[in-house]
Amino acid sequence: MITGELRNQIDKLWTEFWTGGITNPLTVIEQISFLMFARLLDITETRNEKKAERTKKPFKKLFDEKKQDRRWSHFKNMPAQEMLVHVRDKVFPEFKKIAEAGVPYGQYMKDAQLLIQKPNLLVSAVNMVDDLPLTEGDSKGDLYEYLLSKLTTAGINGQFRTPRHIIRKMVEITDPKIGEVVGDPACGTGGFLVGIMEHLLEKNTSTQGIIESDDGKKTFTGDMLKDADRKHIRNRMFHGFDFDGTMLRIAVMNLLLHGIDAPEIHYQDTMSNNFTERFPKMSEDFFDVILANPPFKGSLDFDDVHPDLLRKVKTKKTELLFVVLILKMMKIGGRSATIVPDGVLFGSSNAHLALREMLVDDNQLEAVISLPSGVFKPYAGVSTGILVFTKGGKTKDVFYYDVQADGFSLDDKRTKIDNDDLPDLINRWQKRNPKKDTDRTGKAFFVPADEIRKNKYDLSINRYKEIVYEEDEYDPPKEILARMKDLEMEIMADMDELEGMLG
C-alpha cells in the first residue's frame, strides 16, 4: 500500500511534469517507466553480482566494465545538467543494446527517448523513482496503479482505462484458474491481466499467508501456490496484444511490478491480416479465458481486417469485430467477459443482428450486465454493458443485471459513494437460478433465449425489464386554484400597502 508521503511525492512530481511542459499523462507515465526500468536493471545487476560473489560462479553482465557509468547507482547523484546529457545520450541508447542481449522486457524499452528537457525536472524524477519501493512485493504494483489512476485521457482509437473495481468483478464472474491460459486482445495498460493475477493470489492464499497492514489493507501472498503453478503463471499463463507502443510499455511495466515476470505481451493489431501469420497458435482455439474492453471508436477498412472475421460479420465496426475475434481465439468451453457499447445490444444493422445470432444460437450467452453511463468518466460518458459468454453450445437462459450504481459518483470526479450494486451483482451471479430469478422489476432476472429470438435478438435490458411506476397523489385542481387565488390576493394587498407608504 502506498503511504501518504509516497502519494504526495508522486503528486508533486506529476505537477512538476506539467509545469515542465510534459502535459500528456501517457507521456509522463512512459517517462517514469523508462526511469524505473533503468533502476530495475541496476537492481538486477547488483543482485547478480552479490550472488556471483557468494557462489564464485560467473554470470552474464548487463553492463560490462566500460559501461558501468550507465548504471542507475552511478548517474543518480550527478549534477542536473550533466545528468540530463548523460541519461539522454548514454543511458537510454543502452536500452536498445540490452534488448538485443535478450533481457526480459528489454524489447519494449529499446526505443526509449528522453523527452524531459529540464535538468531539474529529471533530477526530481530520478529522486522520486529512487525512493520507490521497487523491491517490495505488493507495494510496487500499488504505486504503479496509482500512477495509472492519473490517466484522464483516452489512448488512440478510443482506448479507455477500465476502472479497476469493474475489472475485479469481471474476473470474479469468469473465475480464471491455475493451469488455464488467459488473454486480452487489446490489453492497454494490462489491467485485466493484473486483475487475474491478484485473483489467483487471493484464491491461493491461506489464512496464515494474509498480511494485513495498519490501515486494514490485505496482501495475499499466494503461499498455497506450488512451484509448478508459479512457473505456469510466469511463463505461459498471461497473453496480451496491443498496437500502441506506449500502452505496451506501460502494460509490461505494470505486469512486471505485479510479479508477472515473463508474460507474452506482443506488439500486434489482432484485427489485422498478419495476426494469424505471426501468431497462428494463439489466434484460434487457444484461450481458456479472455477479458477485454476493446476500443469501440471508429471503423476499419475491409482490406485491413482478417477475412475470417468478415466472413462471420461483415462490418467495419471494431466493437463487433472484436467479439467475433474473441470467439475465434477461445477454445471450445472458453469463457469471456467483454465490455461493449450499448449499441451492440440493440443495433439494427445486419452485422449487429448476425453477431447477436452467433452469440445466442452458436454459443452460450451467459449474461448481459448493464453498466451506468458514467462508469468511464472522465474519459467518456458512453453507455456500456458487459457480455459474458462461453464458446460453443447453445444459449438457454440469459442472466440480466441492471447496475445502477458502482460505488462512485457518475460525474467527472467519480467520488467514492456508499451506493454500490457490484457486491449484489456477484452474489446474485453466484446464486443465479433461472427458475427463481423471474422478477423483472428487480435488478437481476433471467430471460429465456426463445424470447430473445422473438425480439430479433435484442439484448438490451430495457426490452425485458419491467418498470414499476409509483402513482403520485395531488390535491384536487379546485383546491390548488383556491390557494393560488389567496396567494394572489396577499401579493396585491402587500403591493397596495407598499404603494400607500410611498404616498
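Note that residues are indexed from 1 along each chain, following the sequence as it is written. Only residues with pLDDT of at least 70 are given local features in this predicted model, and only at 80 or more are side-chain atom pairs given and counted; all residues enter the totals for whole chains, interfaces and linings. In computing side-chain values, all of the structure's heavy atoms are included and hydrogens and water are not.

Another point: the overall build of the protein. The secondary structure listing takes helices from DSSP runs of H or I that are at least 4 residues long and strands from runs of E that are at least 2 residues long, numbered from the N terminus. From N to C terminus, the protein includes 19 helices and 13 strands. Along the longest, intermediate and shortest principal axes, the C-alpha atoms of the protein span 100 × 80 × 55 Å. Relative accessible area decides the class of each residue, using a 1.4 Å probe on protein chains only: under 20% of the type maximum gives buried, over 50% gives exposed, and in between gives partly exposed. Counting every position in the protein, which comprises 503 residues, the buried fraction comes to 51%. Restricting to contacts in the protein with at least 6 residues of sequence separation, those with at least 24 account for 72%. For the protein, the exposed surface amounts to about 25,200 Å²; the carbon and sulfur share of it is 49%. Charge separation in the protein, taken as the distance between the mean sites of 72 positive and 81 negative side-chain charges, equals 9 Å. Note on definitions: a residue-residue contact is assigned when non-hydrogen atoms from the two residues lie within 4.5 Å. Calculation of accessible area relied on Shrake-Rupley with a 1.4 Å probe; when residues are assessed, cover is drawn exclusively from the protein chains displayed. Asp and Glu are treated as the negative residues and Lys and Arg as the positive ones, with His and the ends of the chain left uncounted. Note that the charge is assigned to NZ on lysines, CZ on arginines, CG on aspartates and CD on glutamates.

Moving on, we come to the environment of Phe 37. Along the polypeptide, Phe 37 turns up in helix H2 (residues 25-55). Measuring from C-alpha to C-alpha, the distance between Phe 37 and Lys 66 comes to 20 Å, with 29 residues separating the pair along the chain.

Between the N-to-C directions of two axes lies an angle of 0 to 180 degrees, each axis being a line fitted to C-alpha atoms and, for a helix, fitted only over the stretch in contact. Close contact between H2 and helix H6 (residues 119-131) brings their axes to 10 Å; oriented N to C, the two are set at 55°. Overall, the two elements H2 and H6 adopt an arrangement that is oblique. The interaxial crossing formed by H2 with H6 has right-handed handedness. Between H2, through Ile 32, Leu 35, Met 36 and Arg 39, and H6, the contact on the second element is made entirely by Leu 122, Ala 125, Val 126, Met 128, Val 129 and Asp 130. Any residue that is not Ala, Val, Leu, Ile, Met, Phe, Trp, Tyr, Cys, Pro, Asp, Glu, Lys or Arg is counted as polar, Gly included; the first ten are nonpolar and the last four charged. Its residues assigned to classes, the contact of H2 with H6 comprises eight nonpolar, no polar and two charged. Any angle from 65 to 115 degrees is called roughly perpendicular, while one under 35 is roughly parallel, one over 145 is roughly antiparallel, and all others are oblique. Two helices cross in a left-handed way if the nearer one is turned anticlockwise from the farther one by less than a right angle. They cross in a right-handed way if the turn is clockwise.

Turning next to the environment of Ile 22. Position of Ile 22 relative to the elements: it lies in the loop between helix H1 (4-19) and H2. Classification of Ile 22 by relative accessible area gives buried; the value is 9%. A C-alpha to C-alpha distance of 8.1 Å links Ile 22 and Leu 115, two positions 93 residues apart in sequence. If we ignore the near neighbours within four places in the chain, the residues touching Ile 22 are Phe 17, Thr 27, Val 28, Leu 115 and Ile 116.

In this section: helix H17 (residues 422-430). Here H17 has its buried residues at Leu 422, Leu 425, Ile 426 and Trp 429. Along H17, the residues classed as buried sweep out an arc of 95° about the axis, all on the same side. On its buried side, H17 packs onto helix H8 (164-174), strand S8 (364-370), strand S9 (384-390), strand S10 (397-402), strand S11 (406-408) and strand S12 (416-420). Note that the arc is computed from the directions linking the helix axis to the C-beta atoms.

Pairs were defined over the aromatic rings of Phe, Tyr and Trp, the Trp ring being its six-membered one, requiring ring centres within 6.5 Å. Orientation was assigned from the angle between planes: stacked under 30 degrees, edge-to-face over 60, tilted for the rest. Summed over the entire model, instances satisfying the criterion amount to 12 aromatic pairs. Summarising the aromatic geometry, the rings of Phe 37 and Phe 95 are spaced 5.1 Å apart at their centres and angled 85° between planes, so their arrangement reads as edge-to-face. In this pair, Phe 37 sits in helix H2 while Phe 95 sits in helix H4 (residues 80-100), placing the two residues 58 residues apart along the sequence. Residues Phe 37 and Phe 95 agree in their burial class; the two are buried. Throughout this description, the term charge over a ring refers to an Arg CZ or Lys NZ atom that lies within 6 Å of the ring centre and within 35 degrees of the ring normal. One cation-aromatic arrangement involves Arg 432 over Trp 429; the distance from NZ or CZ to the ring centre is 3.6 Å.

The pairing criterion for strands is at least two bridges between them, as found by DSSP. Strands sit in the order S5-S4-S1-S6-S7-S9-S8-S10-S13 across an open sheet of nine strands; the sheet is mixed. Since the sheet does not close on itself, it has two edges, and those belong to strand S5 (264-267) and strand S13 (444-448), each with one partner. Adjacent strand axes in the sheet meet at a mean angle of 15°, parallel and antiparallel pairs treated alike. Pairing analysis gives five bridges linking strand S6 (residues 287-292) to strand S7 (residues 330-341), with the strands arranged parallel. When the sheet's bridge partners are listed, Val 289 is paired in S7 with Arg 335. The sheet contacts of helix H10 (residues 227-237) involve strand S1 (182-184) and strand S4 (238-242), and relative to S4 the element is tilted by about 20°. Sheet strands in contact with helix H11 (residues 245-257) are S4 and S5, and its direction is about 170° off that of S5.

We now examine the packing of H2 against H4. The contact between H2 and H4 brings their axes to 11 Å, and the two run at 65°. Seen from above, H2 lies across H4 with left-handed handedness. Within the contact between the two elements, H2 uses Phe 34, Leu 35, Phe 37, Ala 38 and Leu 41 and H4 uses Phe 92, Phe 95 and Ile 98. Considering only residue class, the contact of H2 with H4 consists of eight nonpolar, no polar and no charged.

Turning our eyes to something else, we now look at a nonpolar patch on the surface. A grouping of Leu 487, Ile 491, Met 492 and Met 495 is seen on the molecular surface, where their side chains present a nonpolar patch of about 380 Å² in accessible area. Along the chain, Met 492 turns up in helix H19 (residues 477-501). Patch definition: residues above 30% relative accessible area lacking any salt bridge, with like charges linked at up to 9 Å and the nonpolar side chains Val, Leu, Ile, Met, Phe, Trp and Tyr linked at up to 5 Å. Salt bridge, as applied in this entry: a Lys or Arg side-chain nitrogen positioned within 4 Å of an Asp or Glu carboxyl oxygen.

Taken together, the side chains of Asp 486, Glu 490, Asp 494, Asp 496, Glu 497 and Glu 499 make up a negatively charged region of the molecular surface. With respect to the helices and strands, Glu 499 occurs in helix H19.

Nine residue types can take part in a nonpolar core, namely buried Ala, Val, Leu, Ile, Met, Phe, Trp, Tyr and Cys, and a core is a set of them joined through side-chain atoms within 4.5 Å. Counting residues in each nonpolar core, the largest one holds 53 residues, and the members touching the most others are Met 36 and Phe 95. Mapped onto this core, the elements with two or more residues apiece are H1, H2, helix H3 (72-75), H4, H6, helix H7 (137-148) and H11. When residues in this core are grouped by element, the largest group, 12 residues, is from H2. Once you skip the residues sitting within four places of it in the chain, Met 36 turns out to touch Val 129, Leu 132, Leu 134, Leu 143, Tyr 144, Met 253 and Leu 257. Ranked by size, the runner-up nonpolar core spans 47 residues in total, among them Phe 279, Ile 290, Val 313 and Tyr 464.

Turning our eyes to something else, we now look at unusual backbone geometry. At Arg 414, a residue that is not glycine, the phi angle is positive and equals roughly 50°. Position of Arg 414 among the secondary structure elements: in the loop between S11 and S12. With a relative accessible area of 13%, Arg 414 lands in the buried category.

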